[in-house]
Amino acid sequence: MTGASGILAWLAPRAVPGVEVVGPDGYRRSLRGPRVATAAVADDVATTADPDLARVFDLHRAAGGTDARADADARLTWAAERHGVPALADAIAAQPALAQPGCADAHEMLVRAIVGQQISVVAATQQLALLGALGDSLPPELADDGIERCFPTMAQVADGADVLRGPAAKTATVRRAAEAVASGAIPLERSSHAGTADLEAIRAQLLELKGIGPWTVGYLSLRLGDPDVLLLGDVAVRKGARRLGIGDGLADLAAFAADCAGHRSALMLRCWAAASEPA
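Calculation rules
Residues numbered from 1 in each chain as written. Predicted model: local features only at pLDDT ≥ 70, side-chain atom pairs only at ≥ 80, totals over all residues. Heavy atoms only, no water. Axes fitted to C-alpha atoms, helices over the stretch in contact; angles between N-to-C directions. Helix = DSSP H or I, 4+ residues; strand = E, 2+ residues; numbered from the N terminus. Parallel < 35°, antiparallel > 145°, perpendicular 65-115°, else oblique. Left-handed = near helix turned anticlockwise from the far one by under 90°. Contact = heavy atoms within 4.5 Å. Nonpolar A, V, L, I, M, F, W, Y, C, P; charged D, E, K, R; others polar. Salt bridge = Lys/Arg side-chain N within 4 Å of Asp/Glu carboxyl O. Buried < 20%, exposed > 50% of the residue type's maximum accessible area, 1.4 Å probe, protein only. Phe/Tyr/Trp six-rings, centres within 6.5 Å; stacked < 30°, edge-to-face > 60°.

## Details of the packing of helix α3 (residues 68-83) against helix α4 (residues 86-94)
Between α3 and α4, the shortest axis-to-axis distance is 8 Å and the interhelical angle comes to 155°. Compared by their axis directions, α3 and α4 come out roughly antiparallel. In the packing of α3 onto α4, the handedness of the crossing is left-handed. Residues Asp73, Leu76, Thr77 and Ala80 of α3 lie in contact with α4, whose contacting residues are Leu88, Ala89 and Ile92. A breakdown of the residues in the contact of α3 with α4 according to their chemical character gives 5 nonpolar, 1 polar and 1 charged.

## Some remarks on the pattern of salt bridges
The full count for this structure, using the stated rule, is 14 salt bridges. Asp226 is paired through a salt bridge with Arg203; the nearest N and O atoms lie 2.9 Å apart. You can see Asp226 sitting in the loop between α10 (214-223) and α11 (235-244) and its partner Arg203 sitting in helix α9 (residues 196-207), a full 23 residues away along the chain. Overall, Arg203 belongs to the partly exposed group, its relative accessible area being 21%. Two residues, Asp228 and Arg264, come together in a salt bridge whose shortest N-O distance is 2.9 Å. Of this pair, Asp228 sits in the loop between α10 and α11 while Arg264 is found in helix α13 (residues 264-276), placing the two residues 36 residues apart along the sequence. On the basis of relative accessible area, Arg264 is assigned to the partly exposed category, the value being 25%.

## A short note on the packing of aromatic side chains
If you walk through the whole model with that rule in mind, you get 3 aromatic pairs. Ring geometry for Trp10 and Trp272: centres 5.5 Å apart, planes at 40°, overall tilted. Of the two residues, Trp10 is situated in helix α1 (residues 4-11) and Trp272 in helix α13; the sequence distance between them amounts to 262 residues. A relative accessible area of 12% means that Trp272 is categorised as buried. Seen in terms of ring centroids, Tyr27 and Phe57 are 6.2 Å apart; in terms of plane orientation they differ by 65°. Their pairing is edge-to-face.

Next comes the structure, spelled out in structure tokens:
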């Protein structure tokens, strides 16, 4: 299975100090329990005994039976041939079965998605570091090599959201969402086991909260494992689509994506990858 090194590169600039550590050969982080989980990466393959980290590296979708990532590649290749987009077909052939970055904790991922709205990865990580300091310290026998505490609970985020810097409206949104989840008003599971129906209900409830829009719920859905998310308004998605030759406008991308239904998350990952490459 391929793509583990790509997810490692994705995680590195987003790592919250004291909570997670990304190295060239793997990923370590604290999780509820508390515990410290580890995933090793070698030759673009991730291995871990922890089910939460298995979801981070998209290992569950390739476990046994049909590989969902191979199915996505087949659908996107078909669409590329149908629409005359050879660059996409070439990208799939060169790097098949891109892993979809998942998450170890859905509560934490919701906070990350809101904090990351309309700011750079660097700025979002700086803000998350402020929140991360609110989490409970690990027992001495677990704390080691940069892992010192757990990411805060939703109750701790709600109580301490004022540590965030920047627009007061975003801080209020973080607090509002954390309170809704902590109270049980929005039953967002800590682990990312949500099925399609569960994700639809979660998206609908989150969209009712002031300050949360389609990008945030779409990104959260992606990280919770939804295979059919495409953020049409995302600047990097549109940039990557242009580089792949899909089209210059939303209409072109939407028309192409219609033929990728069921696998639009894979299309979005391909667009993001293309956008990140040198021109």
